[in-house]
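What follows is each chain in one-letter form.
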Amino acid sequence: MFYKGMRERPMRGLRTGLWRGASLAAISIAMVSTSVYAQDVEDEDDSNTEVITVRGIRSSLQSAQEIRRNSDVLVDAITAEDIGALPDRSVAEALQRVPGVNITRFEGENDPDHFSVEGSGAIIRGLNFARSELNGRDVFSADNGQQIGFNDVSPEMLGSVEVFKNQSADMIEGGLAGTVNLNTRLPFDQGGRMMAFTLEANYSDFAEEVTPTMSGIYSNRWELGNGSEFGLIFGASYSELQSRADGTLVAEWLDRDPSDGQSLYVPSGAGIRTQLFDRTRDSISAAAQWRSADGELEATAQFFRASYENAWSERAVEPSIDSGPAITPAPGTSFTYDDNGLFESGVISENVGWRSNDPTHPLNGVRQLALARGKTDESLTTDIGFNLRWSPTDRFRASFDLQFVESEVNIADVTVHGAFFSDIDLDVTGDVPSVIYRRPADGSDPYFSDASNYYLRSAMDHLSDNEGESVAFRADAEYDFEGDSWLRSVRFGGRVSNREQVVRSSVYNWGNISATWNSPFALDNPAIPPGTFELYNFDNYMRGMTTGLEGGIPMYTGALGEDYDQAVAAIMAMRNAAGNGGWVPLAQRGGVVAGTPFLPSEITDVTQDTTAFYGRLDFDNEHRSDGIRISGNVGLRYVETQTSAVGALSFPDRALVFNGMTPAAYCAGIVGTTPGICLEGAATQTAFYDWADGSNQSNTDSHTYENWLPSANVVFGITDEFQIRLGLSQAIFRPDFGLMKSNLVIQQGGDDPVTGAWLGPDASTGNVQLDPITADQFDLAFEWYFDDVGSLTFSLFQKNLSDYIVPAILQRDVTNNGETFAVDVDGVGNASDSGEIKGFEIAYQQTFDDLPGIWSGLGVQANYTYIDAQGVPNIGPKNDEPNGRGSAPNFDVSQLRLPLMSEHTVNLVGFYETDSWSARLAYNWRSEYTLTVRDVIYPFTPVVHESTGQLDGSIFYDITDSLTVGVQAVNLLDEVSETSAVINSNLVQAPRAYFRNDRRFAFVLRGRF
């Protein structure tokens, strides 16, 4: 098979070929529209060159099959028909169809309370150490990671998505788990003039909203007067999606009476939440190409801009218990337990005598937070690339590639917490726990709709303002050998890049406004403007479940993250009226950088420079008349990485440590327990006094490391239909930028709980001295291609991991004012142990063209992945988090699977296609996996996501050769995502959270001319 625009050689070596950064960036592109040759361009194709115009499910699968079959590294692909016509509404959702790839459906790995409707991330073979490319070039978002957010990119603008699971020497380093390459379209990949459009109406049945999606593309090629050729393509897309997700929370599980020896576990409460998402995504893609008349020169310029905004709001009721683990049944009720001593049902209450200080509050009932939260997440990524190909002879070619990337990420997040008291009627025995709020025994009637039963508890704000930019240049050359030698060609080249990223990310700035023990500010206070709080009734919660709040509860209705300044002004007005609150907005904290809301410790400037060189030798015995055909490549890549980070170095304030006195005077006046610093000698006290001057200084840290990355890829062509693929390589994954912070905010440090001795100063930060995670990779694949759309593949893989990044306590000597102290830094480091990940993938696809009549339109696609990990560190939660009920539990979670890794993953797709009709059902299932080993909220214990599956579908009809209508559907089975919490050192699991989201339907009109 030969492709237009390529020299006449098999596609083996296609992706890892010299030109992947530009003119081959859209090979085998599956166009939504039918290409029509422009009248002013002659058909210049050689007679033995076939142009693949992909249209329809079968052609799409054939194109993806050919890409894998002919590539010289292990790769799986999704073509444009898969993204445009499959029931996949985002790049992330499309990626989950690829063998060995999973996605998550949460806002963050350690935040199991906030659902992500469209999915996020890409976990390849159990690891999230993937690298992202756009048209074969590095691309990223300006968050804390090394890759772009796949949901930032409009799928309508892509021609294909490739997932590379092993390396060759000419590939950009960094994709230890794999490399995901997003390809946009190029004009020379089209036959001539082409125009296409898509119009969609998206309906979300839970949110009950209809939103638009539209896209268009125009491409043309012109022959110029001197015989050269020019091509231009332009595309744009705009998409909105409004959706909803409801969640049920079962809060912290406690041993009801640790002293009774019964191990009866009861949740401290339960909660409900509704999230509404308003996502807008738009993209612009453009490219221009020029080719000289003799084909010696070819230039390509590409532009891509992706804008993403997700404004989501949340209304939730969460428990916030007052008095520790004294959870009791409501008067006149009792709890029921299963055979393992886990709570099944009952009415959860709490009796707190000290509440009698305020007659407006009942003595009974668990304190609840009625929160309103609004978050706006915006990102903008712009990628500009230029490539020049030079072919002065038939045997020598060179390529020069220049790329610029700019990215911005901005987040505004505001929460307002009201509070009230309620009993909770909880039953966890059903498919989804039943949570019904009950009026406390001594509560007023009516209760829940009465604003006087609520008070304004607290507020929280968070801001991020990140920006990143990079420039990269690479030069490559290839020389073909003559004759019938096994040696086919030699390739060599180099790449330099500079990436700078400034991350400004505040803490989640919580502060109280009023409290039960401190004149609670009731929501019926006349100082609160009318309409600030209105009744919210959780309408149609979980598609019809009863909550007991059907009459509504007061919830804040003012501006939140969507208008941060207005939200801050409104909340501060209420705080000032309350008179005793402690919350202040971020910008009003002491010590912020002038003109910003950020402390110096919340700003990090990281620069990463890379220099790489490679050599690669290709071989092929295709001239043999008999026997096994052997082809492939061996190579070596060298890369040097220089990382530097600029942050703030803050010292303790001796005025606070010694209460404004000299050490001698302070220690002499101590009554009671002697602080550890006073047990030190006078010389140490004086040195610490001089050292801890409360100053802020700039702190620069840097690190350089080198990697030699060998690779070998061999394909054994046993027959024309059967081949064996072998891949060996060493790969790296650089630390995420968020782990390389150089901010060092030093604290005085605590005392030994046994001896009382001072433990010395401490701090918490990142680690610029991190080395990359490395892996020795092995792939062995058996591939049988028995038809144009017919294949059965079996792939074995193994990754031996070293330098895994884990939490660590590091000691660092810090000098100030001539004094030096060793600071214990709570951060991250490289593990000394190694680990192993291994598994296999089975993939099968076939069309049944030989069946009689209408049955010949049937086809199937299926894959299964198994993954096992051994020896890879799985670090549990820390047990030193401050809270009102002692330290968080510290579990040995080494027996849990690695975060985000499922042991089993299954994809099953059935389709039917005729000349006019195409229909498809696609089911994805994955077994349970560890969502996080440390929950983001108390008690910071591990959370496990239970096995889950989703069924999607589509049906399309061609009205004419140019117009197609259809419907795509997502989440047809109304899947409920379930998580469990690990509740004790025996790793017993109990219900944690349940989420239900929309069934989504897109009504589609496509035109192609």
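Here the structure is a predicted model, which means the values were calculated and not measured.

Draft legend 1. Inspection of the overall build of the protein at higher detail. Secondary structure assignment for the protein yields seven helices and 46 strands. The burial tally for the protein puts 58% of its 1009 residues in the buried class. Counting contacts in the protein only where the partners sit at least 6 residues apart, residues at least 24 apart contribute 74% of the total. Of the roughly 37,700 Å² of accessible surface on the protein, 53% is carried by carbon and sulfur atoms.

Draft legend 2. Focus on the sheet that holds strand 34 (residues 805-816). Sheet architecture is open: three strands sit in the order 31-35-34, paired in mixed fashion. Of all strands in the sheet, those bounded by a partner on one side alone are strand 31 (762-764) and strand 34. Each neighbouring strand pair of the sheet contributes to a mean axis angle of 25°, computed without reference to strand direction. Both strand 31 and strand 35 (residues 819-830) contribute to a ladder of three bridges, which runs parallel. Residue pairing for strand 35: serine 764 is matched across the bridge by aspartate 826.

Draft legend 3. Representation of the state of the cysteines in the model. For the structure on display, the rule yields one disulfide. Residue cysteine 667 pairs covalently with cysteine 678 via a disulfide, S to S 2.1 Å. Linking cysteine 667 and cysteine 678, the disulfide has an S-S dihedral of approximately -85° and is accordingly described as left-handed. Pair noted here: cysteine 667 is in helix 6 (residues 663-668) and cysteine 678 is in the loop between helix 6 and helix 7 (682-691), with a separation of 11 residues, a long-range link.

Draft legend 4. Here's a closer look at a nonpolar patch on the surface. On the surface, a cluster of nonpolar side chains totalling about 720 Å² of accessible area is made up of Ile384, Phe386, Trp390, Phe400, Leu402, Phe404, Val471, Phe473 and Val496. For the nonpolar patch, the elements supplying multiple residues, two or more each, are strand 18 (366-390), strand 19 (396-427) and strand 21 (455-480). Looking at the element boundaries, phenylalanine 473 is found in strand 21.

Draft legend 5. Quick look at unusual backbone geometry. One non-glycine residue, phenylalanine 538, lies in positive phi territory at about 50°. Position of phenylalanine 538 relative to the elements: it lies in the loop between strand 24 (533-536) and strand 25 (553-556). Of note in the backbone geometry, asparagine 540 takes a positive phi value of approximately 55° without being a glycine. By secondary structure assignment, the location of asparagine 540 is in the loop between strand 24 and strand 25. Judged by its relative accessible area of 34%, asparagine 540 falls in the partly exposed class.

Draft legend 6. A look at empty space enclosed by the protein. Following the criterion strictly, the structure yields 14 cavities of 30 Å³ or more and no others. In this structure, the largest cavity spans a volume of roughly 400 Å³. Along the wall of the largest cavity there are 25 residues; nearest its centre are Asp76, Ala77, Pro99, Gln845 and Gln861. Looking at the lining of the largest cavity, the elements with two or more residues in it are helix 1 (57-70), strand 1 (75-79), strand 33 (790-802), strand 36 (835-847), strand 37 (858-870) and strand 38 (904-913). The biggest single contributor to the lining of the largest cavity is helix 1, with four residues. Its residues assigned to classes, the lining of the largest cavity comprises 13 nonpolar, seven polar and five charged.

Draft legend 7. Summary view of the side chain of aspartate 76. With respect to the element layout, aspartate 76 can be found in strand 1. Side-chain polar atoms of aspartate 76 contact the side chain of arginine 68, separated by 3.1 Å.

Draft legend 8. Local environment of the sheet that holds strand 4 (residues 130-134). Taking strand neighbours across the sheet as the criterion, the five strands line up as 1-6-7-4-5 in an open arrangement whose pairing is mixed. Edge strands, defined here as strands with exactly one partner in the open sheet, are strand 1 and strand 5 (137-138).

Draft legend 9. How the structure looks around the confidence of the model for the protein. Scored by pLDDT, the protein has a mean of 86; 89% of the residues are at 70 or more. Contacts from residues 82-87, a stretch scored under 50 in pLDDT, to residues over four places away or in other chains number 28 contacts. Segment residues 878-887 is flagged for pLDDT under 50; beyond a separation of four residues in sequence, or across chains, it makes 22 contacts in the model.

Draft legend 10. Local environment of the pairing of strand 22 (residues 487-504). Sheet topology places strand 21 next to strand 22; 14 bridges connect them, and they run antiparallel. Bridge pairing in strand 22 places glutamate 478 opposite arginine 491. The antiparallel pairing of strand 21 with strand 22 creates a hairpin that spans six residues between the two strands, and glycine 483 there sits at a positive phi of about 85°. Of the strand pairs in this sheet, strand 22 and strand 26 (residues 603-620) are connected by 17 bridges, and their pairing is antiparallel.

Draft legend 11. Fine view of the pattern of salt bridges. Under the definition given, this model contains 52 salt bridges. The residue arginine 291 makes a salt bridge to glutamate 229 at a minimum N-O spacing of 3.7 Å. Linking arginine 291 in strand 13 (residues 270-291) with glutamate 229 in strand 10 (residues 229-250), this pair joins segments that are 62 residues apart in sequence. Among the salt bridges present, the one from aspartate 413 reaches arginine 373, with a minimum N-O distance of 2.5 Å. Linking aspartate 413 in strand 19 with arginine 373 in strand 18, this pair joins segments that are 40 residues apart in sequence.

Draft legend 12. Structural detail: the nonpolar core. Core analysis: the largest hydrophobic core is formed by 64 residues, its most contacted members being Val317, Leu426 and Ile553. Take this core: its biggest share by element is eight residues, from strand 19. Isoleucine 553 has contacts with Val317, Ala370, Phe420, Phe448, Tyr454, Glu534, Leu535, Tyr536 and Phe538, leaving out every residue within four places of it along the chain. Among the nonpolar cores identified, the runner-up in size contains 43 residues, and Ile78, Phe150, Val153 and Val872 belong to it.

Procedures and definitions
- Residues numbered from 1 in each chain as written.
- Predicted model: local features only at pLDDT ≥ 70, side-chain atom pairs only at ≥ 80, totals over all residues.
- Heavy atoms only, no water.
- Helix = DSSP H or I, 4+ residues; strand = E, 2+ residues; numbered from the N terminus.
- Buried < 20%, exposed > 50% of the residue type's maximum accessible area, 1.4 Å probe, protein only.
- Contact = heavy atoms within 4.5 Å.
- Areas by Shrake-Rupley, 256 points an atom, 1.4 Å probe, with all protein chains shown as cover.
- Pairing = 2+ DSSP bridges.
- Axes fitted to C-alpha atoms, helices over the stretch in contact; angles between N-to-C directions.
- Disulfide = S-S within 2.5 Å.
- Patch = residues over 30% accessible without salt bridge, like charges linked within 9 Å, V, L, I, M, F, W, Y side chains within 5 Å.
- Salt bridge = Lys/Arg side-chain N within 4 Å of Asp/Glu carboxyl O.
- 1 Å grid on protein atoms, 1.4 Å probe; cavity = no way out; pocket = protein on both sides within 12 Å on 5 of 7 lines; lining within 4 Å.
- Points joined across faces, edges and corners; volume = space filled by probe spheres on them.
- Nonpolar A, V, L, I, M, F, W, Y, C, P; charged D, E, K, R; others polar.
- Polar contact = N/O pair within 3.5 Å; in protein donor to acceptor, adjacent residues only side chain to side chain.
- pLDDT = per-residue confidence, 0-100.
- Core = buried A, V, L, I, M, F, W, Y, C linked by side-chain atoms within 4.5 Å.

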